[in-house]
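# Structure assessment
Chain residues, written in single-letter form:
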Amino acid sequence: MRKQVLACLLLGALGAQAQEKFVVEGQLKNIPDGTVFYLMKQEGNVGSMAATDTLQNGTFRFELTTAGNELEGYGLMARDDTKFPPMLLELWVNPGSHLLIQGENPYIYSWKVESDVKEQQFQQQLIQASHKEWEEFQRLTMQEFALMRSAAQGGNKEQARAQADSLQQLTEKLSDQIAQHNIAIMKQSPINAAWMGELHRMGMSVKFRKDYPYKKEVQQLYNLLDDAQKETSIGKSVYLALNPPTVVKVGEEAADADMYDLKGKVHRLAEFRGKYILLDFWSRGCGPCIMSQPELKEISEMYKDSLEVVSLSIENRKGWEEASKSHAITWNNWNDLEENNGLYARYGVRGIPHFVLISPEGKVVDSWSGYAKGWLKLKIKGSMAPKQPMRIEWKDGHKLVHHPRKKTEKMEVLTICQVELTDSATVLRVHARYIPNYWIRLDKATFLMSDKGVNYPLLRSEGFAIGEQVFMPDSGEMDFTLYFAPLPKDTRWFDFSEGEHVEGGYYIEGIRLTE
């Protein structure tokens with residue numbers, strides 16, 4: 001052990017000795033002075049601000065020091081996304097490198113970069129092979145963002161969405177043309193970090209686009225990797241994109257794996273069998289992840305006897321250790337050291353923060369992404385509350401179903417607490433639980449669909465304005481009543497739906513009316 005520590009210290013000293021400055025210089029035309037540029041450092045799957053500079057007399061300049069004697073990745077972008085595409089120009093530097101960037105228009109990803117770094121030369125080769133396509137891609141992307149800004153500022157949202165969808169179809173077609181050019185070049189080129197970066201982007205297209213036309217070609221490129229390259233984070237990500245893992249769903253046994261704390265001790269979720277577990281996928285580069293930490297601390301203390309919070313970093317070891325110094329995590333702070341390729345993939349995570357609630361029996365209770373203040377505590381409160389048994393009674397000849405079971409037990413925004421079947425209406429008494437002071441909305445076309453496939457429309461409501469934005473109170477909870485056309489008396493179950501025309505609309509499946 002003593003020899004191993006000594007070796008680590010010696011390597012650190014050698015790395016420190018190899019630190020050397022590098023320069024990134026820009027010479028631009030037709031770009032207004034005063035434009036601010038950011039230089040972002042890429043470490044694993046996280047980007048952090050390295051430096052800023054302001055364009056003066058058509059030039060900018062960054063002079064920084066490398067962390068060691070190895071290749072480092074950076075990204076250049078302009079601050080003003082109304083005049084520049086929201087894209088990073090990828091840069092590769094070695095100790096002592098000098099990069100000269102030249103451009104004559106705002107399409108930053110198409111600018112020319114002169115460098116003696118072979119990865120940068122390869123990156124430039126790819127860009128130049130699709131120069132026209134990249135410029136058109138950036139132009140259309142800027143139009144799309146302008147439409148979204150207009151809609152957010154009170155414009156016609158439906159029209160903006162339709163126009164944005166049309167632009168996305170055009171940019172997707174351009175992306176495919178660019179990929180076709182890049183594949184031809186990559187098949188004939190030696191593998192380096194820039195080559196791997198492009199393979200990763202194609203792998204993500206395979207993962208997220210069902211109709212991606214080059215899955216076969218991406219597999220062929222992956223097959224060119226040697227064993228060491230396949231074991232890198234990028235290699236594993238591309239493999240999983242080509243061979244998707246089985247994703248754990250709500251109600252199924254939770255996925256488990258070896259995870260490490262900062263001292264190197266191995267842990268597994270199974271240690272906490274008998275308690276609830278709130279699994280939190282996070283990274284220091286994710287603002288909402290950091291915003292959620294005070295609430296995670298509250299939850300860990302509030303439910304310390306019945307729940308364990310496990311924050312699982314998706315960064316590499318170095319990034320995780322640095323992040324842990326800045327963010328005091330007093331609860332379980334673990335890492336499976338697989339970045340996006342371990343439990344992240346098994347739970348189907350696509351964005352962070354992502355939370356998974358696991359029952360004391362080891363089953364997935366709920367899984368969701370995103371954070372807003374107060375919502376975590378409400379989710380936990382609703383999910384851990386004692387389950388009320390379903391109960392049926394008759395009152396004045398009407399059937400009342402209390403706490404009806406449903407097909408899925410995921411904690412919803414809307415909980416149907418009681419169903420009353422009368423001759424004139426089917427009455428739903430609903431409890432809503434959502435982010436305090438945020439709004440929810442129910443479409444006027446909301447309906448019930450019976451077990452025989454017949455729809456029964458919404459007639460009226462009490463305590464809730466249908467078709468309008470209704471803001472939640474400070475408590476994040478409210479009750480209201482909905483009246484629908486009467487279901488047949490022999491109905492065994494029904495679905496609650498706002499309809500397919502409502503994007504992200506409420507849908508509750510299999511609400512039982514019989515034991």
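So, here's what we can say about the structure. It should be emphasised that the depicted structure is a prediction, and the values quoted were computed from it without experimental measurement.

### Section: the state of the cysteines
Applying the stated criterion across every chain yields a total of 1 disulfide. Linked covalently through their sulfurs, Cys286 and Cys289 form a disulfide whose S-S length is 2.3 Å. Looking along the S-S bond of the Cys286-Cys289 disulfide, the torsion reads about 85°, which is the right-handed sense. For the pair formed by Cys286 and Cys289, the shared burial category is buried.

### A word on helix H5 (residues 193-208)
Compared with the 22 Å implied by 1.5 Å per residue over 16 residues, the 23 Å span of H5 between its first and last C-alpha is a close match. Those residues of H5 that fall on the buried side of the exposure criterion are Ala194, Trp195, Met196, Gly197, Glu198, Leu199, Met202, Gly203, Met204 and Val206. In the core, the buried residues of H5 are packed alongside strand S6 (89-93), helix H2 (118-129), helix H4 (157-186), helix H6 (215-223), helix H7 (227-230) and helix H8 (233-242). Two to three positions downstream of the cap, the backbone nitrogen of Ala194 sits 3.0 Å from a side-chain oxygen, assigning the N-cap of H5 to Asn192.

### Looking at the packing of H2 against H4
A pair of packed helices can be characterised by two numbers: the angle between their axes and the separation between those axes. Contact geometry of H2 with H4 gives a least axis separation of 9 Å together with a crossing angle of 140°. When the interaxial angle is binned, H2 and H4 end up oblique. In this structure, H2 crosses over H4, and the sense of that crossing is right-handed. Contacts between H2 and H4 involve Phe122, Gln125, Leu126 and Ala129 on the former and, on the latter, His181, Asn182, Ile185 and Met186.

### Some details on the nonpolar core
Ranked by internal contacts, the top residues of the largest apolar core, which has 57 residues, are Leu278, Leu307, Leu414, Leu428, Leu482 and Phe496. The dominant element in this core, judged by the number of residues it contributes, is helix H12 (residues 375-384), at 5 residues. If we ignore the near neighbours within four places in the chain, the residues touching Leu307 are Lys275, Tyr276, Leu278, Ile299, Leu357, Ile380 and Met384. Val24, Leu28, Ile101 and Leu147 belong to the second-largest nonpolar core, a separate cluster that totals 33 residues.

### Digging into the sheet that holds strand S15 (residues 364-369)
Spatially, S13-S12-S11-S14-S15 is the arrangement adopted by the 5 strands of the open sheet, whose pairing is mixed. Each edge of the open sheet is held by one strand with a lone partner, namely strand S13 (332-334) and S15. Adjacent strand axes in the sheet meet at a mean angle of 15°, parallel and antiparallel pairs treated alike. Strand direction decides the pairing type here: strand S14 (residues 354-358) and S15, joined by 5 bridges, are antiparallel. Residue pairing across strands places His354 opposite Ser369, the latter belonging to S15. Against the sheet, helix H9 (residues 287-302) touches strand S11 (276-282), strand S12 (307-313) and S14, its axis set at about 165° to S11.

### Points about unusual backbone geometry
The omega torsion of the bond from Ile352 to Pro353 falls at 0°, within 30 degrees of zero and hence cis. The topology assignment puts Pro353 in the loop between helix H11 (343-346) and S14. One non-glycine residue, Asn30, lies in positive phi territory at about 65°. In this structure, Asn30 sits in the loop between strand S1 (21-28) and strand S2 (36-43). At Glu339, a position not held by glycine, the phi torsion is positive, near 50°.

### Regarding the packing of H5 against H8
Across the interface, H5 lies against H8 with an axial gap of 8 Å and an inter-helix angle of 25°. On the basis of their axis angle, the class for H5 and H8 is roughly parallel. In this structure, the crossing between H5 and H8 has a hand that is left-handed. Taken together, the residues of H8 that come into contact with H5 (itself represented by Met196, Gly197, Leu199, His200, Gly203, Met204, Val206 and Lys207) are Ile234, Gly235, Ser237, Val238, Ala241 and Leu242. Broken down by class, the residue content of the contact of H5 with H8 amounts to 8 nonpolar, 5 polar and 1 charged.

### Notes on the sheet that holds strand S8 (residues 112-114)
If you walk across this open sheet you meet the 4 strands as S4-S1-S7-S8, and the pairing is mixed. For this open sheet the edge positions go to strand S4 (59-65) and S8, each flanked by a neighbour on one side alone. Here the average twist between neighbouring strands, direction ignored, is 15°. Two elements, strand S7 (residues 98-103) and S8, share 3 bridges in a ladder whose sense is antiparallel.

What counts as what
Residues numbered from 1 in each chain as written. Predicted model: local features only at pLDDT ≥ 70, side-chain atom pairs only at ≥ 80, totals over all residues. Heavy atoms only, no water. Disulfide = S-S within 2.5 Å. Buried < 20%, exposed > 50% of the residue type's maximum accessible area, 1.4 Å probe, protein only. Helix = DSSP H or I, 4+ residues; strand = E, 2+ residues; numbered from the N terminus. Expected span 1.5 Å × (residues − 1). Contact = heavy atoms within 4.5 Å. Polar contact = N/O pair within 3.5 Å; in protein donor to acceptor, adjacent residues only side chain to side chain. Axes fitted to C-alpha atoms, helices over the stretch in contact; angles between N-to-C directions. Parallel < 35°, antiparallel > 145°, perpendicular 65-115°, else oblique. Left-handed = near helix turned anticlockwise from the far one by under 90°. Core = buried A, V, L, I, M, F, W, Y, C linked by side-chain atoms within 4.5 Å. Pairing = 2+ DSSP bridges. Nonpolar A, V, L, I, M, F, W, Y, C, P; charged D, E, K, R; others polar.

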